[in-house]
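Survey of secondary and tertiary structure
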Amino acid sequence: MTPTTVFFFVVFGLIALAFGIISVVFFYHIGRYSYMGDASKRIFLIYLTFGITIVAATLVFIILNHILT
């Protein structure tokens, strides 16, 4: 692997880690302070699903780009 590829994998990992931490904080607060209602729980579940889809697709595209170039 080239240094640039390694750099982008590290950046990707940091972004994915940050997204995971933010999601955990959101779900902790929603679970702890449930006065926000059930609608907010569904919205954050959609947020998490959408985010995981983006992260997975990005990882696949990074790997494909590395293989093809």
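Small disclaimer: the values here were computed from a predicted structure and weren't measured.

**Observations concerning the overall build of the protein chain**
Scanning the protein chain from N- to C-terminus turns up two helices and zero strands. The proportion of buried residues among the 69 residues of the protein chain is 12%. Per element, the accessible surface of the protein chain, about 5500 Å² overall, is 79% carbon and sulfur.

**Overview of the environment of Ile62**
Here Ile62 lies in helix H2 (residues 38–68). When the C-alpha positions of Ile62 and Thr5 are compared, they lie 8.7 Å apart, and in sequence the two are 57 residues distant. Those residues in contact with Ile62, other than ones at most four positions away along the chain, are Phe9 and Phe12.

**As for a nonpolar patch on the surface**
Where nonpolar side chains cluster on the molecular surface, the patch consists of Met1, Val6, Val10, Leu14, Leu17, Ile21 and Val25 and spans about 680 Å² of accessible area. Relative to the elements of secondary structure, Met1 occurs in the segment before helix H1 (3–32).

Criteria and cut-off values
Position labels on residues start from 1 in each chain and follow its written sequence. Given that the model is predicted, a residue must reach a pLDDT of at least 70 before its local features are reported, and side-chain atom pairs must reach 80 or more before they are shown or counted; all residues, however, enter totals for whole chains, interfaces and linings. To obtain the side-chain values, all non-hydrogen atoms of the structure were used and water was disregarded. Each helix is a run of DSSP H or I of at least 4 residues and each strand a run of E of at least 2, with the numbering of both proceeding from the N terminus. With a 1.4 Å probe rolled over the protein chains alone, any residue whose accessible area is under 20% of its type maximum counts as buried; one over 50% counts as exposed, and the rest are partly exposed. To be clear on the numbers: accessible area is Shrake-Rupley with a 1.4 Å probe, and residue cover counts the displayed protein chains and nothing else. Two residues form a contact once any of their heavy atoms are found within 4.5 Å. Patch construction takes residues with relative accessible area above 30% that form no salt bridge. Like charges are linked within 9 Å, and nonpolar side chains (Val, Leu, Ile, Met, Phe, Trp, Tyr) are linked within 5 Å. Every case where a carboxyl oxygen of Asp or Glu lies within 4 Å of a side-chain nitrogen of Lys or Arg is listed as a salt bridge.

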